[in-house]
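Observations on the three-dimensional arrangement
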Amino acid sequence: MEHPSPSPEHTASAERTLEGYSAEPSEHAQVLIYQGHQRIHGTVLDCPIEVGRQRVGEQPPVHREDLADRSRLIVAALDDLDVSRSQLLLTPLDDGRQVEVKNLSGAMSVRLSPNTRLGPGEKQVAEVPLLVQFSSFAVRVDPPEEDDMQLEPLPERTMAPGSQSVEARLSRLNLDTMDERLLLRWLETVLLVFQSAATTSNFPLHAAQALVKIIGLDAAAMLHCTAEGRWDVAALHSDDPNVTTANWAPSQTLLGRVRTEKRTFRHVPANVPDSADSLQDVVALVSAPILDGDDNVIGALYGDRRGGGSIHEMPEISSFEAKLVELLASGIAGGLARVKEEEAAVKARVQFEQFFTPQLAEHLERDPRLLEGRDAETTILFADIRGFSKISERLGPTATMDWIQDTMGALSECVLECSGVLVDYLGDELMAMWGAPLSQPDHAELACRAAHQMQRMLPSINERWADRLGVAMRLGIGLNSGVCRVGNTGTRQKFKYGPLGDSVNIASRVQGATKYLGSDCLVTGTTLELLKPRPPARRLAKVRVVNIEQPIDLYETPCEPVEAWPQLQERYEAALDALERKEVEEAQALVNRLLKDFPEDRASQALSSRIEASLSSGDPADTAVWHLPGK
């Protein structure tokens, strides 16, 4: 079936597509896509481009997707079976004036010229401009735009946002040449655009409208420059209803110079011969770059003024008008920079508040340097759920996820309420820290308070899950204080603020020691020394843990001491002292009497087992330090 070719007014090589302009105009041919007589897309032939129908998972047409070795141009919808998924491959050749056209379809032919067709799998080298047709689509390839346009830059280079005040920019304009009403109208319009750049999503249209309104251009647009150097039109405005996205396009040469030199350019047409009948196609142009805070061109304001039907109506854009365009572009750049800063601040706040208290998150937002690596006096807490594997087996995957989220959420609240930092979740274990990024003289006290709150929180968690758990859940909590290196221990891809060092390893081992010493919460001697006044505590053992050379004194600090705590502490420590003096039989007698009076004391039960093991071995040589059997 034959399909109509694009009409001459659409395929004239003087026209360029609205979307996807190259920022290097003299290098690449232009690709224009038509459906019937309507132009639907345009891009640059800066690499091999495969044209075809949408595949499952791809964005709907019309869309260009850049791949490793080529780009895909999706022109037809998934259900348009008249177009192959891979219909056509256009490969630019070295001189930019020839293109290899290959029909990728396995069943359909494509029309290369009125008398030439490419069958399935066939290819041919063709001169540009050329037109390739298939189904209801036509692909027009135009040669690169010649870089012979006479462009005049403004003397000063455009400044990045924040590098120059509005007052400084205004001082460069000769406002004395404007009458009062024009000046007020201009300022009102500019301020409206400045405000909308930071508050609304349709400010590109406001900017284009402002150019037409305050300068009297025939058409104006705001364009976005992609990271690949292509230009996309964000908004187009004209008082002429005949100016539409189908018949208006900017000059690539002008945009290329704007992007390369980062300054405002204008093009004023040279004198045309007196014999010319009309200036209808003569256009004056202006464009100013929009820069980000790093002095990169991220967009441009663009406008044109066209000649009328008479030789006496030569279009012109003055240097003063070009400065107005630049001022407006600078204001938009400032607004975009503010939006970017606000978005970054919101993102940082959301990220920070996952780990820090809201107050600390706000502080870090103001001074992110606090997150840089440094040494700090800290207290580290590890909290582990006992019997996790058995409980998760009973609950199943879905309920286990709900249970662990509920439990960790409650424990995390305890950390944050005590001004701590949530460092990490390690499966069924939580890690928290005090003393960084802000110094906390009472870091040990705050950490112990959080540990006790976790223990008080357990009954309510167990009550919520009693019917499904079947048994009461228990925690093992270990704390240690010391100097750590704190900072981002994660990567650029995943932020994780936390500590590194022996103090962290010891805290982890202390948590593991709770399984052997019969206590749900243990602190090291270094932590206990920092607690003022000293809370109720008893020394349970001097231990040597895995991968830590020096023995560690471990203490139990109960959150709710029993009424007879002083007596329990004194009698337990007396039995422990006897064992460490190698008076094993005396230690056994003391602990037996202790268990008779306090049969539910798990720490005394653990000490009794240790004494019995020493008696059974017949070798009390190492009773002073307990070598824990595991982590």
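Keep in mind it's a predicted model, so treat the numbers as computed, not measured. (Residues numbered from 1 in each chain as written. Predicted model: local features only at pLDDT ≥ 70, side-chain atom pairs only at ≥ 80, totals over all residues. Heavy atoms only, no water.)

Here we take up the overall build of the protein chain. Tallying secondary structure elements over the protein chain gives 15 helices and 28 strands in all. Taken across its 631 residues, the protein chain has 51% of its residues classed as buried. For the protein chain, restricting intrachain contacts to residue pairs at least 6 apart in sequence, the fraction spanning at least 24 positions comes to 64%. Carbon and sulfur atoms form 49% of the exposed surface of the protein chain, whose accessible area is close to 30000 Å². (Helix = DSSP H or I, 4+ residues; strand = E, 2+ residues; numbered from the N terminus. Buried < 20%, exposed > 50% of the residue type's maximum accessible area, 1.4 Å probe, protein only. Contact = heavy atoms within 4.5 Å. Areas by Shrake-Rupley, 256 points an atom, 1.4 Å probe, with all protein chains shown as cover.)

It is worth spelling out the layout of surface pockets at this point. Put simply, the second largest pocket is a space of about 580 Å³. In terms of lining, the second largest pocket is formed by 29 residues, of which the most central are Asp520, Glu556, Pro558, Glu560 and Arg602. Mapped onto the lining of the second largest pocket, the elements with two or more residues apiece are helix H10 (443-469), strand E23 (475-488), helix H13 (565-580) and helix H15 (602-617). When residues of the lining of the second largest pocket are assigned to their parent elements, the largest contribution, 4 residues, is made by H10. Among the residues forming the lining of the second largest pocket, the class breakdown is 16 nonpolar, 5 polar and 8 charged. (1 Å grid on protein atoms, 1.4 Å probe; cavity = no way out; pocket = protein on both sides within 12 Å on 5 of 7 lines; lining within 4 Å. Points joined across faces, edges and corners; volume = space filled by probe spheres on them. Nonpolar A, V, L, I, M, F, W, Y, C, P; charged D, E, K, R; others polar.)

In the structure shown here, the tally under the stated rule is 2 aromatic pairs. The interplanar angle of 25 degrees and the centroid separation of 6.0 Å between the aromatic rings of phenylalanine 134 and phenylalanine 137 together place this pair among those described as stacked. Just as phenylalanine 134 is buried, phenylalanine 137 falls in that class too. Consider the rings of phenylalanine 388 and tryptophan 403, whose centres lie 5.7 Å apart with planes at 15 degrees: the pair is stacked. On the criterion of sequence distance, the pair formed by phenylalanine 388 in helix H8 (residues 388-395) and tryptophan 403 in helix H9 (residues 397-417) is long-range, its members being 15 residues apart. When the ring centre of tyrosine 572 is taken as origin, the NZ or CZ atom of arginine 538, which lies over that ring, is 4.9 Å away. (Phe/Tyr/Trp six-rings, centres within 6.5 Å; stacked < 30°, edge-to-face > 60°. Lys NZ or Arg CZ within 6 Å of the ring centre and 35° of its normal.)

On to the side chain of threonine 400, then. Structurally, threonine 400 is set in helix H9. Note on threonine 400: relative accessible area 10%, which makes it buried.

It is worth spelling out helix H11 (residues 502-517) at this point. The terminal C-alpha atoms of H11 lie 22 Å apart, and with 16 residues this matches the ideal 22 Å at 1.5 Å per residue to within 8%. A large share of H11 lies buried, amounting to 12 of its 16 residues. Within H11, burial applies to Ser503, Val504, Ile506, Ala507, Ser508, Arg509, Val510, Gln511, Gly512, Ala513, Thr514 and Leu517. Once H11 ends, the next one or two residues include glycine 518, with phi positive near 75 degrees. (Expected span 1.5 Å × (residues − 1).)

Quick look at the sheet that holds strand E7 (residues 88-92) now. Strand order in the open sheet formed by 6 strands is E5-E6-E4-E7-E8-E11, with mixed pairing between adjacent strands. Two strands bound the open sheet, and with one partner strand each, they are strand E5 (63-66) and strand E11 (123-127). For this sheet, the mean angle separating the axes of adjacent strands, direction not counted, is 25 degrees. By the bridge criterion, 5 bridges tie E7 to strand E8 (residues 98-103) in an arrangement that is antiparallel. Considered in E8, the bridge of leucine 90 is made with valine 101. (Pairing = 2+ DSSP bridges. Axes fitted to C-alpha atoms, helices over the stretch in contact; angles between N-to-C directions.)

All right, on to the pairing of strand E20 (residues 374-385) then. Of all 12 residues making up E20, 9 are buried, and the element is well covered by its neighbours. Where E20 meets E23, 12 bridges bridge the pair, whose relative direction is antiparallel. For threonine 379, the partnering residue across the bridge sits in E23 and is serine 481. Here 6 bridges tie E20 to strand E22 (residues 429-434), and the two strands are oriented antiparallel to one another. Bridged to leucine 381 within E22 is alanine 432.

A few words on the side chain of arginine 539. Structurally, the position occupied by arginine 539 is in strand E26 (residues 538-544). Assessed through its relative accessible area of 17%, arginine 539 is described here as buried. Only 3.4 Å separates the side chain of arginine 539 from the side chain of aspartate 553, close enough to count as a polar contact. In contact with arginine 539, not counting residues within four places along its chain, are Asp553, Leu554, Tyr555, Tyr572, Glu573, Leu576 and Glu580. (Polar contact = N/O pair within 3.5 Å; in protein donor to acceptor, adjacent residues only side chain to side chain.)

Let us look at unusual backbone geometry. Between valine 128 and the following residue, proline 129, the backbone shows a cis peptide bond with an omega angle of 5 degrees. Along the polypeptide, proline 129 turns up in the loop between E11 and strand E12 (130-134). In this chain, alanine 436 is followed by proline 437 through a cis amide linkage whose omega measures 0 degrees. Within the secondary structure layout, proline 437 lies in the loop between E22 and H10.

So, about the confidence of the model for the protein chain. Counting all residues, the mean pLDDT for the protein chain is 81, and 79% of those residues have values of 70 or more. In the model, residues 1-26 has pLDDT below 50 throughout and makes 90 contacts with residues more than four positions away in sequence or in other chains. Note on residues 165-173: pLDDT is under 50 here. Beyond four places in sequence and across chains, it has 15 contacts. (pLDDT = per-residue confidence, 0-100.)

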